[in-house]
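Listed below are the residues making up each chain.
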Amino acid sequence: MSFETVLKAAQDGDADAQVAMGYLFFKGDGVTQDRREAARWFGLAADQGNPEAMCNLAYIKAHGYGVRGDLQVALELYERSAELGYPQAMFNLAFMYTDVEGIPQDWEKARYWYERAAEAGSTMALYRLGVIFQEGRGCDPDPKRAWDIYSRALDAGYPKAGVRMGRMAMDGQGVPRSPDRASKYFARAAEMGSEEAMLELGRMSLSGEGMVRSENNARKWLSKAAARGSAEAAELLGSMRK
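These remarks concern the structure in this document.

1. Details of the nonpolar core
Grouped together as the largest cluster of nonpolar side chains are 82 residues, with contacts concentrated most on Tyr-114, Tyr-150 and Phe-186. In this view, Tyr-114 contacts Phe-91, Ala-94, Phe-95, Thr-98, Asp-99, Ala-125, Arg-128, Leu-129 and Ile-132; residues no more than four positions away in its chain are not counted.

If you want it as C-alpha cells, here you go:
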C-alpha cells in the first residue's frame with residue numbers, strides 16, 4: 001500500500017495502520033526520521049489496545065528516543081502488552097527485571113516472563129532461563145536443568161547455549177567432566193559463528209585437552225575469533241608469533 005493509503009487509514013483510526021506509521025517514522029523509511037512522531041502513532045494504537053504498539057512505545061520510552069525517557073511507564077506498557085500475549089514484550093519485561101538499572105531486580109517475575117516468552121518461541125528467552133538456573137538467580141542453582149534448557153536453545157540455533165554447554169562439560173557442572181564432549185559443543189557453536197567458541201577451540205588446540213594438540217588448528221580458530229573482534233584471541237595469536 002502507498003504511504004497515502006496507510007496514512008489515511010491511520011488517520012481514520014485503524015490501529016494496524018497506526019502501528020505501520022509508527023515504524024515508518026521510527027526507522028525513517030520513506031519519510032524523515034522522527035521518533036517523537038513514531039511515539040505519537042504507537043501511542044494512538046496503544047490507546048486502542050494494540051499490544052505491538054504498547055511494546056514499541058515502551059521501547060521508545062525506555063530508551064528516551066525522541067521523547068523523555070521513563071522506565072516506569074515503559075515497564076507498565078511492557079506488562080500490558082505481555083499480558084495480552086505479545087512475545088517480544090514478555091522478553092523485554094523480563095529483561096527489565098534482570099538487567100535495567102533503575103528497575104529493582106525481581107528474579108521471580110523475570111523467570112515467569114522468560115518462561116512465557118520461551119513458550120511463545122523466543123530462543124533468547126530460553127537461553128536466559130538456562131542462565132538463571134545455572135547461576136541460581138533467584139532460585140537454587142540447578143545445573144542439570146540448565147543443561148537441558150541450553151540443549152534446547154542450541155538445537156534451536158542459539159550459539160551462546162553451546163558455549164555454556166562446552167564450559168559446563170569442561171568443568172563437570174551438571175554433567176560428568178569431559179573435555180572431548182566440550183570440544184564438540186564448542187564446535188557446534190563455532191559453526192554458528194560464535195567467536196567465544198572459536199576462542200575456546202583455539203585454546204584447546206594449544207593445550208591438547210579435548211582435542212589433538214595442533215598449533216595450526218589453534219591458529220585457524222584464533223584467527224577466526226580475532227577477525228570477529230576477540231581481543232583475547234588476537235593476543236594469543238601475537239604470543240604464538242613470538
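More follows now that the structure is in view.
2. Comments concerning the pattern of salt bridges
Per the stated rule, a full pass over the model turns up 14 salt bridges. Residue Asp-155 is joined to Arg-188 by a salt bridge in which the shortest nitrogen-to-oxygen separation is 3.1 Å. With a gap of 33 residues between them, Asp-155 in helix 9 (residues 143-155) and Arg-188 in helix 11 (residues 179-191) connect regions that are remote in the sequence. A salt bridge links Glu-215 to Arg-219; the nearest nitrogen and oxygen atoms lie 3.9 Å apart. Here Glu-215 and its partner Arg-219 are both found in helix 13 (residues 215-227), 4 residues apart, which amounts to about one turn of the helix. A single salt-bridge network, built from bridges that share partners, covers Arg-167, Glu-196, Glu-200, Arg-203 and Glu-232.

3. Focus on the packing of helix 10 (residues 159-171) against helix 12 (residues 195-207)
The contact between helix 10 and helix 12 brings their axes to 9 Å, and the two run at 30°. Regarding the angle of helix 10 to helix 12, the classification is roughly parallel. In this structure, helix 10 contributes Lys-160, Val-163, Arg-167 and Met-170 to the contact, and helix 12 contributes Glu-196, Ala-197, Glu-200 and Met-204.

4. Topic: the side chain of Gln-18
Mapped onto the fold, Gln-18 is located in helix 2 (residues 15-27). On the accessibility criterion, Gln-18 (4% relative accessible area) is buried.

5. Considering the packing of aromatic side chains
The tally for this structure, following the rule as stated, stands at 10 aromatic pairs. Aromatic pair Phe-26 and Tyr-59: ring centres 6.4 Å apart, planes at 65°, arrangement edge-to-face. One end of the pair, Phe-26, is in helix 2; the other, Tyr-59, is in helix 4 (residues 51-63), and 33 residues separate them in sequence. A relative accessible area of 16% means that Phe-26 is categorised as buried. We classify Tyr-59 as partly exposed; its relative accessible area is 33%. Taking NZ or CZ as reference, Arg-35 lies 4.8 Å from the ring centre of Tyr-65, over its face.

Cut-offs applied
- Residues numbered from 1 in each chain as written.
- Predicted model: local features only at pLDDT ≥ 70, side-chain atom pairs only at ≥ 80, totals over all residues.
- Heavy atoms only, no water.
- Core = buried A, V, L, I, M, F, W, Y, C linked by side-chain atoms within 4.5 Å.
- Buried < 20%, exposed > 50% of the residue type's maximum accessible area, 1.4 Å probe, protein only.
- Contact = heavy atoms within 4.5 Å.
- Salt bridge = Lys/Arg side-chain N within 4 Å of Asp/Glu carboxyl O.
- Helix = DSSP H or I, 4+ residues; strand = E, 2+ residues; numbered from the N terminus.
- Axes fitted to C-alpha atoms, helices over the stretch in contact; angles between N-to-C directions.
- Parallel < 35°, antiparallel > 145°, perpendicular 65-115°, else oblique.
- Phe/Tyr/Trp six-rings, centres within 6.5 Å; stacked < 30°, edge-to-face > 60°.
- Lys NZ or Arg CZ within 6 Å of the ring centre and 35° of its normal.

Purely geometric numbers; function is a separate question.
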